[in-house]
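# Summary of structural features
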Amino acid sequence: MENKDRQWERYLHENEHVVWSGRPEGVKLIDGSSRMEILIQWLIGGLWILLTFVCYVPYALKVGIAGAQLVVVMLVFNCIPLLLFCNPLRICRSLNTSVVFAITNHRVLMKDKENIVSMVVKPDTKVVIRREDVQVGSVCLGSAADKSSYRERSITLHGISHDNVTTGMILFRVKNPEIVADFLPYSEERKDRPVAI
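Residues numbered from 1 in each chain as written. Predicted model: local features only at pLDDT ≥ 70, side-chain atom pairs only at ≥ 80, totals over all residues. Heavy atoms only, no water.

### Side note on the overall build of the protein
The cut-off we apply is this: Only DSSP runs of H or I reaching four residues or more are called helices, and only runs of E reaching two or more are called strands; each is numbered from the N terminus. With C-alpha atoms as the basis for the radius of gyration, the globule rule is written as 2.2 Å multiplied by the number of residues raised to the power 0.38. Exposure categories follow from relative accessible area, calculated using a 1.4 Å probe and restricted to protein chains: below 20% of the type maximum is buried, above 50% is exposed, and the middle band is partly exposed. Two residues form a contact once any of their heavy atoms are found within 4.5 Å. Residue burial considers only the protein chains on display, and all accessible areas are found by Shrake-Rupley using a 1.4 Å probe. Charge assignment in this entry is limited to Lys and Arg as positive and Asp and Glu as negative, and neither His nor the chain termini are counted. Charged groups are reduced to one reference atom each: NZ for lysine, CZ for arginine, CG for aspartic acid, CD for glutamic acid.
Within the protein, the regular secondary structure consists of 6 helices and 9 strands. Taking 2.2 N^0.38 as the reference for a compact globule, 197 residues should give roughly 16 Å; the C-alpha atoms of the protein span a radius of gyration of 21 Å, well beyond that estimate. When each of the 197 residues of the protein is scored for burial, the buried share is 42%. A fraction of 66% describes how many contacts in the protein between residues 6 or more apart in sequence connect residues 24 or more apart. Approximately 11100 Å² of the protein is accessible, and the part contributed by carbon and sulfur atoms is 60%. Here the protein contributes 24 positive and 21 negative side-chain charges, whose respective centroids are spaced 8 Å apart.

Here it is, written out as structure tokens:
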């Protein structure tokens, strides 16, 4: 078994082998495709936290709520906005450190630590390549090819599922995406060649 198959060995089906593996290249916290999503999350989270400080803290101080209680209540009120702030950091870290992709002779796989997302590639699977720059782009498969680019990061980590079947995946920020797309099963037979946008 080749070295590139070893890390995927326990996830492969019978008569399946890895033909390509790689990882995202140079993912930044805020880049063109994710800028709006992250800024909106941070704006909503910031407004929520600001409102709790402006509205609740004066009331709590007026009615005499103790300091420790106030801290606990503020943490409870603000746990969701704090998650909104932390989620883009977590996603960026995962994409840079633990996400690995593989293309086999039947499927596309994404591994993030021990989380595996896989999608069977068929001759009619839609393939779209979204260019980031000259050498890097995302290969969007199936239903992910029709989704807006600002959701690429979350689709990369979770895929798109319908009735417990993965119908869309993204190989996010891979080097030479056209070459990667040529490793996909049925690439030579695909009716609609990968479209670069």
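On we go.
### As for helix H4 (residues 79-97)
Just so we agree on the cut-off: An expected span of 1.5 Å times one less than the residue number is assigned to each helix. Here the bend at each residue means the angle between axes fitted to two seven-residue stretches, the one ending at that residue and the one beginning there.
The end-to-end C-alpha distance of H4, which contains 19 residues, comes to 26 Å, matching closely the 27 Å that a straight helix rising 1.5 Å per residue would cover. Maximal helix bending in H4 amounts to about 30 degrees, located at cysteine 86; proline proline 88 follows within four positions. All buried positions along H4 are accounted for by Pro81, Pro88, Ile91, Cys92, Ser94 and Leu95. The secondary structure elements touched by the buried residues of H4 are helix H2 (35-63), helix H3 (67-77), strand E2 (99-104), strand E3 (107-112), helix H5 (152-158) and strand E8 (165-175).

### Focus: the sheet that holds strand E1 (residues 18-22)
Heads up, the rule is: The pairing criterion is simple: DSSP has to find at least two bridges between the two strands. For every element, the axis is a line fit to its C-alpha atoms; helices are fit only across the contacting stretch, and the angle between N-to-C directions ranges from 0 to 180 degrees.
One open sheet holds the 4 strands; their spatial order is E1-E2-E3-E4, and the pairing between them is antiparallel. For this open sheet the edge positions go to E1 and strand E4 (115-120), each flanked by a neighbour on one side alone. When strand polarity is set aside, the average angle formed by the axes of neighbouring strands in this sheet is 15 degrees.

### Comments concerning the environment of alanine 144
Locating alanine 144 in the fold gives a position in the loop between strand E6 (136-142) and H5. Residue class for alanine 144 comes out buried when judged on its relative accessible area of 0%. In the structure, alanine 144 is positioned 15 residues away from glycine 159 in sequence and 7.8 Å away in space, judged by C-alpha atoms. The residues contacting alanine 144, other than those within four sequence positions of it, are Arg130, Ile155, Ile160, Gly168, Met169 and Ile170.

### Section: the packing of aromatic side chains
Cut-off, in case you're wondering: The rule is short: rings of Phe, Tyr and Trp, with Trp giving its six-membered ring, pair when the centres are within 6.5 Å, and they are stacked under 30 degrees, edge-to-face over 60, tilted in between. Two limits define a charge over a ring: the Lys NZ or Arg CZ must be within 6 Å of the ring centre, and within 35 degrees of the ring normal.
Applying the stated criterion across every chain, the model contains 4 aromatic pairs. Look at tryptophan 8 and tyrosine 11: their rings are 6.4 Å apart centre to centre, the planes differ by 65 degrees, and that puts the pair in the edge-to-face class. Accessibility classification places tryptophan 8 together with tyrosine 11 in one group, the buried group. A centroid spacing of 5.1 Å and a plane angle of 85 degrees characterise the contact between tyrosine 56 and phenylalanine 77, whose relative ring orientation is edge-to-face. Note that tyrosine 56 is positioned in helix H2 and phenylalanine 77 in helix H3, a separation of 21 residues in sequence. With a relative accessible area of 16%, tyrosine 56 lands in the buried category. A residue is classified by how much of its surface remains accessible, and phenylalanine 77, at 36% relative accessible area, is partly exposed. Through a chain of ring-to-ring contacts, three or more aromatic side chains come together here, namely Tyr56, Tyr59 and Phe77. Seen from the ring of tryptophan 8, lysine 111 lies directly overhead, with NZ or CZ sitting 5.6 Å from the centre.

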